[in-house]
Amino acid sequence: MKAILDHVGIAVSDLQASLAFFKDVLGLHVEASETIVSQRVRATFLNTGQSTLEMLEATAPDSPIARFVEKRGPGLHHVALRVDDIAAAIAHLKSRGIRLIDEQPRPGAEGALVAFIHPSASHGVLVELKQPAPKVEMLTTVGRHTLGEVELISLSDGFISLDGGAMFGVVPRTLWERRLPPDDSNRIPLGMRPLIVRTGGKTVIIDAGCGDKMDAKSAQIYKLDRRYHLDHSLAEAGVSAEDIDIVIASHLHFDHVGGFTAVGKDGSLVPRFPKAKYFAHRAEWEDATHPHERNRASYLQENFVPLKDAGVLTLVDDAAEIVPGVRYRRSGGHTANHQVVTIESGGRTAVFTADMYPTAVHIPDPWVMGYDLYPMDTLAFKRAFAQEAVEREYLLFFEHDPSMAAGYLREKDGKRFVERII
Ligand SMILES: [Zn+2]
Ligand SMILES: [Zn+2]
């Protein structure tokens, strides 16, 4: 069993007095604090490099920490060791006849699973085993898939972080935090994944990420991570900006069309794909160019107005077929005229779901983003669409999923899940 030191727990009777020493005198940085209701304890973490100090303060007189302080006074309380698989660690200890306080792992701070070994078995030291909350694995690599005669290439424009509460609307954090663990500011990391469609000699790109025009303040708010971005991804795919013939917008929010324009040599905004024709939905364009207080922050004119000025923009309506086999399909909900894009070839269908299924975690029908302007429309569309996607085996592309680009929606024993393909 492999274990590394995660933190040292210290029981305190007066947190402010303890912090006056550990924080102010020693200069340690407070990382986070959290109340663990079941233990009637408040934990404050101080960063010490690879591991942390956990200051434990009782929140009720019958808390185990209150009893500890009463009996022994404040001071060293426990040592926590990090393990990869806590169930396996417990099984290993049981097989050696080690006495445990917790025979089953239980929830600890920061979404971790924990279990305590009895101090009588560990020579007077209370030992905690901790399996940290899973970190989201970020997928940046280019993913390829052949659908009939069509080549699909999933790209990445890096990652943006948005408030987890806003991403899941009315769904409580306790239900989504394990699937997409939030950071200390409650933000969850989201991919930006444009899709290349090669069909009939044309190279099409659907959406283009947030691009490189975002100001420093917004980049900080959104924790923008574009160390690997669309240029890298296009190069990896062997596609140049000049190769793009057609650009399609699912809708005109900045995280989808920021990459449609770029700052040219003379400082003016120019189409980012110099030889391409751009397509947007006519009514979405109307909304985007006449924003109101609720959607103004998402519709940045610099991302799409220069396309009209350059004469490269075509506005189309619901169900428009932009190139043979590649069509708009109105989902509405997120914006009044939000479009998913369907790609059909050889009897197979792929769907670029944009902000209808922003991530694979958003598959349950009522898991609708708080950002959506018409959530009941999203719900109605999702209900009908999910059934269709299962029956007809649509390959679904998830534009914002941090770790999965595409998969099939499956249903087994009344439960839906995504079988990952890319
Ligand atoms: Zn959007
Ligand atoms: Zn979006």
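For the structure itself, consult the block above.
S.K.: How do you make sense of the overall build of the chain when you look at a structure like this?
M.R.: Summing up its helical and strand segments, the chain has 11 helices and 26 strands in all. Once the C-alpha set of the chain is aligned to its principal axes, its extents read approximately 80 × 50 × 40 Å. Looking at the 422 residues of the chain, the share that counts as buried comes to 51%. Sequence-distant contacts in the chain: of pairs separated by 6 or more residues, those separated by 24 or more amount to 61%. As displayed, the chain offers around 19,700 Å² of accessible surface, 52% of which is attributable to carbon and sulfur atoms.

S.K.: Honestly, the coordination of the zinc ion (ligand 2) in this entry has me stumped. Any pointers?
M.R.: Metal coordination angles have textbook ideals: 109.5 degrees for a tetrahedral set of four donors and 90 or 180 degrees for an octahedral set of six. Surrounding the zinc ion (ligand 2) are the protein donor atoms Asp255 (OD), His256 (NE2), Asp355 (OD), Asp355 (OD) and His400 (NE2), at 2.1 to 2.6 Å. Every donor residue of the zinc ion (ligand 2) comes from the same chain, spaced as D-H-x98-D-x44-H. Here the zinc ion (ligand 2) and the zinc ion (ligand 1) are spaced 3.5 Å apart, linked through aspartate 355, which binds each one. On the basis of relative accessible area, histidine 256 is assigned to the buried category, the value being 0%.

S.K.: It is not clear to me how unusual backbone geometry should be interpreted in this structure. Could you clarify?
M.R.: If a residue is not glycine, its phi is most likely negative; likewise, a peptide bond is most likely trans. Despite not being glycine, alanine 354 has its phi angle at roughly 50°, a positive value. Among the secondary structure elements, alanine 354 is positioned in the loop between strand 23 (348-352) and helix 11 (375-391).

S.K.: How should the layout of surface pockets be read in this particular structure?
M.R.: To find leftover empty space, a probe the size of one water molecule is rolled over the atoms. Quantified by volume, the largest pocket comes out at close to 1,400 Å³. In terms of lining residues, the largest pocket is bounded by 42 residues, among which Glu110, Ala133, Lys135, Pro182 and Asp184 are the most central. Among the secondary structure elements, those contributing two or more residues to the lining of the largest pocket are strand 2 (29-36), strand 3 (41-47), strand 6 (106-107), strand 11 (159-163), helix 5 (173-176) and strand 12 (187-191). The element best represented in the lining of the largest pocket is strand 2, accounting for 5 residues. Considered class by class, the residues forming the lining of the largest pocket number 14 nonpolar, 12 polar and 16 charged. Estimated volume of the second largest pocket: approximately 850 Å³.

S.K.: I'm lost on the coordination of the zinc ion (ligand 1) in this one. Help?
M.R.: Protein coordination at the zinc ion (ligand 1): the donors are His251 (NE2), His253 (ND1), His334 (NE2) and Asp355 (OD), at 2.1 to 2.2 Å from the metal. Angles of 85 to 175° at the metal separate the 4 donor atoms of the zinc ion (ligand 1), which places the site in the irregular class. Positions of the donor residues of the zinc ion (ligand 1) along the chain correspond to the pattern H-x1-H-x80-H-x20-D.

S.K.: Could you clarify how one ought to interpret the sheet that holds strand 4 (residues 52-58) in this entry?
M.R.: Sheet strands line up and pair through hydrogen bonds in the backbone, either parallel or antiparallel. In spatial order, the strands read 2-3-4-1-5-8-7-6; together these 8 strands make up an open sheet with mixed pairing. Two strands close off the open sheet at either side, each with one partner strand: strand 2 and strand 6. Pairing of strand 2 with strand 3, which is carried by 7 bridges, proceeds in the antiparallel orientation. Looking at the pairing, alanine 32 lines up with phenylalanine 45 of strand 3.

S.K.: How should I be thinking about the pairing of strand 8 (residues 127-131) in this particular structure?
M.R.: Side-chain direction in a regular strand flips from residue to residue, so the side chains alternate between the two faces of the sheet. Of all 5 residues in strand 8, 4 are buried; the element is thus mostly enclosed. The pairing of strand 5 (residues 75-82) with strand 8 spans 4 bridges and is parallel. Looking across to strand 8, one finds that valine 79 is bridged to valine 127. In this structure, strand 7 (residues 113-117) lies alongside strand 8, joined through 5 bridges in antiparallel fashion. In the sheet register, alanine 115 faces strand 8, and the bridge partner there is leucine 129.

S.K.: It is not clear to me how the nonpolar core should be interpreted in this structure. Could you clarify?
M.R.: Within soluble globular proteins, side chains that are nonpolar tend to cluster in buried spots. One finds Leu152, Phe273 and Ile343 to be the most contacted residues of the largest nonpolar core, which totals 57 residues. For isoleucine 343, the residues in contact, after removing those within four places along its chain, are Leu147, Val150, Leu152, Leu195, Val197, Ile206, Gly325, Val326, Arg348, Thr349 and Ala350.

S.K.: What is the right way to read the sheet that holds strand 18 (residues 277-281) from this model?
M.R.: Spatially, 9-10-13-14-15-18-19 is the arrangement adopted by the 7 strands of the open sheet, whose pairing is mixed. Each edge of the open sheet carries a strand with a single partner, namely strand 9 (143-147) and strand 19 (313-316). Each adjacent strand pair in this sheet contributes to an overall mean axis angle of 20°, direction not counted. When strand 13 (residues 195-199) meets strand 14 (residues 202-206), the two strands line up antiparallel, connected through 5 bridges. Along strand 14, the bridge assignment pairs arginine 198 with threonine 203. Strand contacts of helix 9 (residues 282-289): strand 18 and strand 19, with the helix running at about 85° to strand 18, the strand carrying the most contacts.

Reading guide: rules and limits
- All chains use their own residue numbering, which begins from 1 and follows the written sequence.
- Labels are handed out in written order, letters beginning with A for the chains and numbers beginning with 1 for the ligands.
- Under the rules for a predicted model, residues below a pLDDT of 70 receive no local features and side-chain atom pairs below 80 are neither given nor counted, while totals for whole chains, interfaces and linings still include all residues.
- Note: side-chain values were computed over all heavy atoms of the structure, leaving out hydrogens and water.
- Put simply, DSSP marks the helices as runs of H or I at least four residues long and the strands as runs of E at least two long, and each gets a number from the N terminus on.
- Accessibility here uses a 1.4 Å probe with only protein chains present; expressed as a share of the type maximum, an area under 20% marks a residue as buried, one over 50% as exposed, and anything in between as partly exposed.
- Between two residues, a contact is recorded if the distance between any of their heavy atoms is within 4.5 Å.
- Areas reported here follow the Shrake-Rupley algorithm with a probe of radius 1.4 Å; residue values treat only the protein chains shown as occluding.
- For Na, K and Ca the donor cut-off is 3.2 Å; for every other metal, N, O and S atoms count as donors within 2.8 Å. Water does not enter the count, which can leave sites looking incomplete.
- A cavity here means a set of 1 Å grid points, computed over protein atoms only, where a 1.4 Å probe fits but cannot escape. A pocket is an open set with protein on both sides within 12 Å along at least 5 of 7 lines, and lining residues have an atom within 4 Å of a point.
- Grid points are joined across faces, edges and corners, and a volume is the space filled by probe spheres set on the points.
- Put simply, Ala, Val, Leu, Ile, Met, Phe, Trp, Tyr, Cys and Pro go in the nonpolar bin, Asp, Glu, Lys and Arg in the charged bin, and everything else, Gly too, in the polar bin.
- Angular criteria define each label, namely tetrahedral for four donors with all angles between 85 and 135 degrees, square planar for four and octahedral for six donors with opposite donors over 155 degrees apart and remaining angles between 65 and 115, and irregular for whatever fails these tests.
- Strand pairing is assigned whenever DSSP detects at least two bridges linking the two strands.
- Here the nonpolar core consists of buried residues drawn from Ala, Val, Leu, Ile, Met, Phe, Trp, Tyr and Cys, with membership extended through side-chain atoms lying within 4.5 Å.
- Every angle, taken between N-to-C directions, lies between 0 and 180 degrees, and every axis is a line fitted to C-alpha atoms, over only the stretch in contact when it is a helix.

Functional significance is not addressed by these values, which are geometric in nature.
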